[in-house]
Number of protein chains: 2
Amino acid sequence: MSQAEENYLKAIYTLQTEFGKSLSTNIIAAKIDTKASSVTDMLKKLSLKKLVIYKKYQGAHLTKKGNDLAIKVIRKHRLWETFLVNKLDFNWNEVHDIAEQLEHIKSDVLMAKLDAFLGHPKQDPHGTPIPNREGVFPEIENDYLSNIPTDTLCILVGVKNSSDVFLNYLNSKNIALNSTIKVLSVEPFDKSMLVEINNKQLLITGEVAINLQVIKQ
Amino acid sequence: MSQAEENYLKAIYTLQTEFGKSLSTNIIAAKIDTKASSVTDMLKKLSLKKLVIYKKYQGAHLTKKGNDLAIKVIRKHRLWETFLVNKLDFNWNEVHDIAEQLEHIKSDVLMAKLDAFLGHPKQDPHGTPIPNREGVFPEIENDYLSNIPTDTLCILVGVKNSSDVFLNYLNSKNIALNSTIKVLSVEPFDKSMLVEINNKQLLITGEVAINLQVIKQ
DNA sequence: TTTTATTTTTAGATATGTCTAAAAATTATT
DNA sequence: AATAATTTTTAGACATATCTAAAAATAAAA
Ligand SMILES: [Mn+2]
Ligand SMILES: [Mn+2]
Ligand SMILES: [Mn+2]
Ligand SMILES: [Mn+2]
């Protein structure tokens, strides 16, 4: 498995959970930031290796084997991100690109030992679930701040959106993992919220609230 | 810098310290386990990038720039090996191949943080010196067991030879880093030694003794 | 249901890194 | 100094992964 092949499998996996079964070359190309013709070439190769089902002009989707491999790469990516934040003191918005490289290191023993070293984490630094060695994702209650009633104390355990622009917004407001959040009031008109974070009041939009994953205290 | 280029620079660096200035394509090919014709191609490319001085039929050697880059890759390799042994509980004979991959991860911040996390180690798990961020190798006293007088307690801090076959020999005799060693007697004829390691007597050849790096207690 | 627009695939090119076999240069031997 | 042996380079090929531009297929519009 080359790095390029692994990146394709990961992209197809992610797009499948978003758009369902069959993916067009254009959608994959957009995700990987390449050209549709390159995607066609790669889909032929992955098809020969029985990692995707691909028929001309009909799009592609992962086989069981391709799915398993994609999940394995995703597991590696998230374990490395966890290592970078929890052990090396990186900020949560600095780790994605490095993990994008580290996810391609080939050694099952390494990942087993890293997993143990990290204490078998169930979520990466963005709160996203980490599949176990068998490829099974842990069940994580998805409680979002937008659903929390007023005056309930809760703790930030993840973000639905882990884009750089959103993480930077959170950083600028000193909102971090494990921040304590209390909803003070909700504006019915647009679902914007007045919340208390780190003993300071802050107004956030509904769009922000639906992207903050929390657990009640 | 591609992985292939980095591996070439590292190989040329190591060979230079062993054989001096100018290296033949054959010697490099043997080190990297490739063909001389491939080496010729790569030397041309590295020469264009001003990383090596290369003249047809005259061999090659590193420029300052090439030397610095080689040392940087070596630093990464040894820091990762240290991480694998000290943090992930790998055995010292299991880490080389994984480090061979990890050394190509591109991120200066990552290496700075890993270095700090490991406590700025001066030696890798085989006792080999780790250059600092400026590429300077720490001075390490090279006392070998072969030079230690009888009845002197010392501690194993490194091996001159870190090949798999030697490390496996040491493992089989329960000789590990930080083992306490006392020379009981030396046979003048062949420099073989009777030593006490971990409260057990053991006969080792002179060849073994000159490969064990120790400090007196 | 034709025509038009869009998507997808093919054809051909480029870049990297490797190989084999033949040619050229260097080194060693008579 | 000429010949032989060895080393090194070149020529040409292959595999991977990407691109542009043209052709083919599909989807949308008239
Ligand atoms: Mn990520
Ligand atoms: Mn990647
Ligand atoms: Mn090593
Ligand atoms: Mn390497």
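Preceding block: the structure.
Heads up: these notes are all about the structure in this document. What you see is a predicted model, and the numbers here were worked out from it, not measured in a lab.

## Some points on the interface of chain A and chain B
Point 1. With 20 residues of chain A at the interface, the matching set in chain B holds 20 residues.
Point 2. Of the roughly 1600 Å² buried at the junction of chain A and chain B (both faces included), carbon and sulfur atoms supply 75%.
Point 3. At the surface where chain A touches chain B, the tally comes to 0 salt bridges.
Point 4. There are 4 residue pairs in polar contact (both at pLDDT 80 or more) connecting chain A and chain B.
Point 5. With 5 residues, the single largest contributor to the side of chain A that touches chain B is helix α6 (residues 108–117) of chain A.
Point 6. Partitioning the side of chain A that touches chain B into residue classes produces 12 nonpolar, 4 polar and 4 charged.

## Considerations on the relation of the copies chain A and chain B
Point 1. Its rotation angle being 180°, the transformation that places chain A on chain B also includes 0.1 Å of axial translation and leaves an RMSD of 0.1 Å. Here the symmetry operator amounts to a two-fold rotation axis. Taking C-alpha positions as the reference, the residue of chain A nearest the rotation axis is Leu 102 of chain A, at 3.8 Å.
Point 2. Counting the interface residues of chain A, we find that 100% of their copies in chain B are interface residues as well, pointing to one common contact surface.

## Digging into the protein's contact with DNA strand D
Point 1. Surveying the vicinity of DNA strand D reveals 20 residues, the closest of which are Ser 2, Thr 34 and Lys 45 of chain A together with Lys 44 and Tyr 54 of chain B.
Point 2. Among the atoms of DNA strand D lying within 4 Å of the protein, the sugar-phosphate backbone contributes 76%.
Point 3. Between DNA strand D and the protein, one listed contact pairs a phosphate oxygen with a side-chain N or O atom of Thr 34 of chain A at 2.4 Å.
Point 4. In this structure, Tyr 57 of chain B approaches DNA strand D through a main-chain N or O atom, which is 2.9 Å from a phosphate oxygen.
Point 5. Of all the secondary structure elements, the ones that give two or more residues to the surface near DNA strand D are α1 (3–19) and α3 (36–48) of chain A together with α2 (25–32) and α3 (36–48) of chain B.
Point 6. Along the lines of polarity and charge, the residues of the surface near DNA strand D split into 6 nonpolar, 9 polar and 5 charged.

## Topic: the pattern of salt bridges
Point 1. Under the counting rule described, the total for this entry stands at 14 salt bridges over all chains.
Point 2. Glu 6 of chain B is paired through a salt bridge with Lys 106 of chain B; the nearest N and O atoms lie 3.3 Å apart. In this pair, Glu 6 of chain B sits in helix α1 (residues 3–19) while Lys 106 of chain B sits in the loop between α5 (96–102) and α6 (108–117), placing the two residues 100 residues apart along the sequence.
Point 3. The exposure class of Lys 106 of chain B is partly exposed, given its relative accessible area of 39%.
Point 4. A salt bridge links Glu 103 of chain B to Lys 10 of chain B, with the nearest nitrogen and oxygen atoms 3.0 Å apart. You can see Glu 103 of chain B sitting in the loop between α5 and α6 and its partner Lys 10 of chain B sitting in helix α1, a full 93 residues away along the chain.
Point 5. With relative accessibility at 12%, the residue Lys 10 of chain B sits in the buried group.
Point 6. In this structure, a network of salt bridges that share partners links the residues Lys 10, Glu 100 and Glu 103 of chain A.

## Quick word on unusual backbone geometry
Residues and elements named next belong to chain A.
Point 1. Positive phi is not limited to glycine here, since Asn 178 has a value of about 75°.
Point 2. Its location among the elements puts Asn 178 in the loop between α7 (164–172) and β4 (180–186).
Point 3. Taking the relative accessible area as the measure of exposure, Asn 178 reaches 57% and is therefore exposed.

Rules used throughout
- Residues numbered from 1 in each chain as written.
- Chains lettered and ligands numbered in written order.
- Predicted model: local features only at pLDDT ≥ 70, side-chain atom pairs only at ≥ 80, totals over all residues.
- Heavy atoms only, no water.
- Contact = heavy atoms within 4.5 Å.
- Buried area = accessible area lost by both parts, 1.4 Å probe.
- Salt bridge = Lys/Arg side-chain N within 4 Å of Asp/Glu carboxyl O.
- Polar contact = N/O pair within 3.5 Å; in protein donor to acceptor, adjacent residues only side chain to side chain.
- Helix = DSSP H or I, 4+ residues; strand = E, 2+ residues; numbered from the N terminus.
- Nonpolar A, V, L, I, M, F, W, Y, C, P; charged D, E, K, R; others polar.
- Least-squares fit on C-alpha atoms with pLDDT ≥ 70 in both.
- Near = heavy atom within 4 Å.
- Buried < 20%, exposed > 50% of the residue type's maximum accessible area, 1.4 Å probe, protein only.

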